[in-house]
Amino acid sequence: MLTPLFSSKLLIVLLFGTLFGLILGVLPGLGPTTGGALILPFTMTLDPLSAIVLLTSIYCAGTYGGAITAVLINTPGTPAAAATCLDGYPLAQKGEAGRALGMATVSSTVGGIFSVIILVFFAPLLAKLAYEFGQPEYFALAIFGLTMLSSIGEGSPIKNLIAGAFGILISTIGKDFMTSIDRFTYGINELSVGIGFIPVVVGLFAISEMLTQSTLLDQVFKRVALKAVKLPTKDDYKKTWKTILRSSGIGSFIGVLPAEGGTVASLIGYSEAKRFSKNPEEFGKGSIEGIAGAEAANNAATGGAMVPTLALGIPGSATTAVILTGLIIHGVRPGPDLFREQPDFLYGIFGAMLIANVLFFIFGFFGAKIFARITLVPNKILWPMIFAVSVCGTYSLSQSIIDVWIMLFFGVLGFFMRRFGFSVVPVIIGLILGELVEGTLRQSLVIFDGNWLMFLTRPIALTFFILSLIALAFPLLRSKKQNK
Amino acid sequence: MNNVRNKKRANKSLSFFFKDEFQVSFIIIFISIILLISTFSFDIVPPILNRGIQPATFPKALLILIISLTLIIYCLSIKNPWKIGKKLPKTFFLTLLSFLIFVIISKTLDFFLAISVLSIFVSYNWGERRIFYLLLVSIIFPILVFIFFETILGLRFPPGIITNLYYY
């Protein structure tokens, strides 16, 4: 599995990706999704394997990096680290920041490696199963992925569905891919090729975050001092090994579900850790199990999310949507054929994720103190620089100034979406799944001679439709239960 | 988050059209209706070439879905008002203004000049007063970014009064 990685170039890419991912994860507001989107243009100078290795290492390390700021300044570097704040910061306040970060580092590494093992075994199985899929099955699967947006954790389920539908709507802009008829172009030639993924992602994540930061200038972080990261003690391991394993399983499973990701995984991992704990009253006051539960789960979601991305071309999270775009840009078509035709490429990715998990353990263990200092860079210097890179990066992909306007438009839109409780992640997932949903629907209707009911005669498609209904009903049932 | 008012807003006394929930829902529905109307002007594929459904059908269905879901969230918000962040500060509007300045300058004068102007404008308005750091974000860093993209990615930036000095 690691053989394709035994080249100095790939190892340098891995090292750089892990370091860059950690920095992105540490900086609140940035993260692997924004970072991946920003670095995508630079990957054009790399071969496909190096490019995807770079993106996946950013993904793994960025997810972990969020824990450092969660523990030390009570602000999650990434949304996936939000649950880590609940116990990480209180433990750090008790003078045990090193212990808290040690547990976060170990559980993240275990969760990450566990999920890579799941990826290695399950992705080929899912790919084999995908050979049974025709257009109707892919349509039903994409619908399932979209309905899962209703339970992604951020925002209300209905708002998430609106955002998802909006993402699909964006994908319809431009020439219709089946008939070449212009849709929503309004005579603007540049729009006839459609709206690119990168301007939308950079706008929704980086530029909208810049606007958010402009409203938080008076915010003061209460930083906890860190002497050194400490490995967990025997007692800590005894207390947490079951939690780490359970959360690794939960995280991998949640990651595999289309459109879900580390944020949901960490919240469920945390709540399950509390449910199974012998000391649930310690949660929220600096419980070591709470940190382990959240961190193992969010890192386990990374490998899990790569399963549908590689096997089916359906992103498991916002960051894997960026990785999926990277694959497509580099001429790699994810899906079952990829497993048959390019096994070396895939094993390269699997190996890179495995090594990235080990690398961020080393960097996290020895360098957390340095990474934490990155948060000292003032926003008034950092964000104008990020803006410059965002603008140039967005322009570079198709050398079109219109893309820069689109990025700014989505930046402003993303800010207001977040302000009014609409998550921006469903827009990304909707945008990337849009063509698949419409294409497979229209091709299915050709196969079925326009008879919609024929979808119900396909067992796999029917199963996905039933799962979609469950996915839609689940948040409603959950909120009813919470109200009770 | 500290900046978010966790308690539900006490604006129940306001008339419904002054409430954020109504305004947001109205804007979404209004734009969706305009887009929906525009789908009726899409070309129609002759039946012999038509595969499955007309190109306008899918966007129409999406827009109707968005309108329906927006109506639902509005109705739900009457009982449970949304949690909205604090009033937007001046720095937000100045940052927004800087985007507008960026668009105007990059369109009329120069792409990199626009980046420099935005950087110094944002950095200054966000509280930076040290000359070195203002120069760093507005001149040194954009030049480094330019050189990086130009040499490593072989990118050609749009012509402008400053960019032309490099190219010609």
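Computed from a prediction, not measured in an experiment: that's the story for all the values here.

What chain A contains, in helices and strands, is 17 helices and 2 strands. Taken along the three principal axes of its C-alpha coordinates, chain A extends 65 × 55 × 45 Å. With 484 residues in all, chain A has 63% of them scored as buried. Looking at chain A alone, contacts between residues at least 24 apart form 79% of all its contacts between residues at least 6 apart.

Helix and strand counts for chain B stand at 6 helices and 0 strands. Starting at the N terminus, the α and β elements of chain B follow one another as α-α-α-α-α-α. For chain B, the proportion of its 168 residues judged to be buried stands at 25%. Partitioning the intrachain contacts of chain B with sequence separation of at least 6 by distance along the chain shows that 62% fall at a separation of at least 24.

Here we take up helix H2 (residues 32–39) of chain A. Among the 8 residues of H2(A), 8 are classified as buried, and the element is accordingly described as predominantly covered. When H2(A) is considered as a whole, its buried residues turn out to be A:Pro32, A:Thr33, A:Thr34, A:Gly35, A:Gly36, A:Ala37, A:Leu38 and A:Ile39.

What follows is about the interface of chain A and chain B. Taken together, the contact between chain A and chain B spans 52 residues of the former and 56 residues of the latter. If one sorts the elements of the side of chain A that touches chain B by residue count, helix H14 (residues 379–398) of chain A sits on top with 12 residues. Split into classes, the residues belonging to the side of chain A that touches chain B amount to 33 nonpolar, 12 polar and 7 charged.

In this section: the environment of A:Lys94. All names here are of chain A. Position of Lys-94 relative to the elements: it lies in helix H4 (residues 82–130). Judged by the 13 C-beta atoms lying within 10 Å of it, Lys-94 is partly exposed. Taking the C-alpha atoms as reference, Lys-94 lies 25 Å from Ser-247; in sequence the two are 153 residues apart.

Before going further, it helps to spend a moment on the packing of helix H3 (residues 90–108) of chain B against helix H4 (residues 111–125) of chain B. Residue and element names in this part refer to chain B. Packing of H3 against H4 leaves a shortest axis separation of 8 Å and a crossing angle of 165°. What the angle tells us is that H3 and H4 run roughly antiparallel. Crossing of H3 against H4: the hand is right-handed. Between H3 and H4, the contacting residues are Thr-91, Leu-94, Thr-95, Ser-98, Ile-101, Phe-102, Ile-105 and Ser-106 on the first element and Phe-111, Leu-113, Ala-114, Val-117, Leu-118, Phe-121, Val-122 and Asn-125 on the second.

Next up on the list: the packing of helix H7 (residues 197–214) of chain A against helix H15 (residues 401–419) of chain A. All names here are of chain A. Packing of H7 against H15 leaves a shortest axis separation of 6 Å and a crossing angle of 55°. Comparing their axes, H15 and H7 come out oblique. Pair H7 / H15 crosses with right-handed handedness. Only Asp-403, Ile-406, Met-407, Leu-408, Phe-409, Phe-410, Gly-411, Val-412, Gly-414, Phe-415 and Arg-418 of H15 make contact with H7, whose side of the interface consists of Pro-199, Val-200, Val-202, Gly-203, Leu-204, Ile-207, Ser-208, Leu-211 and Thr-212.

With that out of the way, let us pick up helix H6 (residues 157–171) of chain A. The terminal C-alpha atoms of H6(A), which comprises 15 residues, lie 21 Å apart, in line with the 21 Å expected from a rise of 1.5 Å per residue. For H6(A), the buried fraction is high: 14 of the 15 residues fall into the buried class.

In this section: the confidence of the model for chain B. Residues and elements named next belong to chain B. Confidence in the prediction for chain B averages 84 pLDDT; 89% of positions are at 70 or higher. Mean pLDDT per element in chain B: helix H6 (residues 163–167) is the minimum at 80, and H3 is the maximum at 93. Both scores are available for the predicted complex, with the pTM at 0.86 and the ipTM at 0.88.

The next point concerns the nonpolar core. The biggest cluster of nonpolar side chains holds 190 residues, and the ones touching the most others in it are A:Val71, A:Ala142, A:Val201 and A:Ile428. No other element matches the 22 residues that H4(A) contributes to this core. Residue assignment places this core across two domains, with domain 1 (16–79) and domain 2 (90–167) of chain B each supplying three or more. Setting aside residues up to four positions removed in sequence, A:Ala142 forms contacts with A:Ile314, A:Leu433, A:Leu436, A:Val437 and A:Thr440.

This part covers the environment of A:Thr215. Residues and elements named next belong to chain A. Counting through the fold element by element, Thr-215 comes out in the loop between H7 and helix H8 (234–256). Classification of Thr-215 as partly exposed rests on a count of 19 C-beta atoms within 10 Å. For the pair formed by Thr-215 and Val-201, sequence separation is 14 residues and the distance between their alpha carbons is 21 Å.

Glancing now at the domain arrangement of chain B. One can read the domain layout of chain B as domain 1 (16–79) and domain 2 (90–167). On a C-alpha basis, the centres of domain 1 of chain B and domain 2 of chain B stand 38 Å from each other.

A separate point is the environment of A:Glu209. Residues and elements named next belong to chain A. For Glu-209, the position within the fold is in helix H7. The exposure class of Glu-209 is buried, given the 23 C-beta atoms found within 10 Å. Remark: the alpha-carbon pair of Glu-209 and Trp-383, spanning 174 residues in sequence, is separated by 9.2 Å.

The next thing to look at is unusual backbone geometry. Outside of glycine, negative phi angles account for most residues, and trans bonds account for most peptide bonds. All names here are of chain A. In this structure, Phe-184 takes a positive phi of about 55° despite not being glycine. Checked against the element boundaries, Phe-184 lands in the loop between strand S2 (182–183) and H7. Since 18 C-beta atoms lie within 10 Å of it, Phe-184 is described here as partly exposed. Non-glycine residue Gln-399 carries a positive phi angle of around 50°. Within the fold, Gln-399 resides in the loop between H14 and H15.

Calculation rules
- Residues numbered from 1 in each chain as written.
- Chains lettered and ligands numbered in written order.
- Predicted model: local features only at pLDDT ≥ 70, side-chain atom pairs only at ≥ 80, totals over all residues.
- Helix = DSSP H or I, 4+ residues; strand = E, 2+ residues; numbered from the N terminus.
- Buried ≥ 20, exposed ≤ 12 C-beta atoms within 10 Å, placed from the backbone.
- Contact = placed C-beta atoms within 7 Å.
- Nonpolar A, V, L, I, M, F, W, Y, C, P; charged D, E, K, R; others polar.
- Axes fitted to C-alpha atoms, helices over the stretch in contact; angles between N-to-C directions.
- Parallel < 35°, antiparallel > 145°, perpendicular 65-115°, else oblique.
- Left-handed = near helix turned anticlockwise from the far one by under 90°.
- Expected span 1.5 Å × (residues − 1).
- pLDDT = per-residue confidence, 0-100.
- Core = buried A, V, L, I, M, F, W, Y, C linked by C-beta atoms within 7 Å.
- Domains from an automatic or database assignment.

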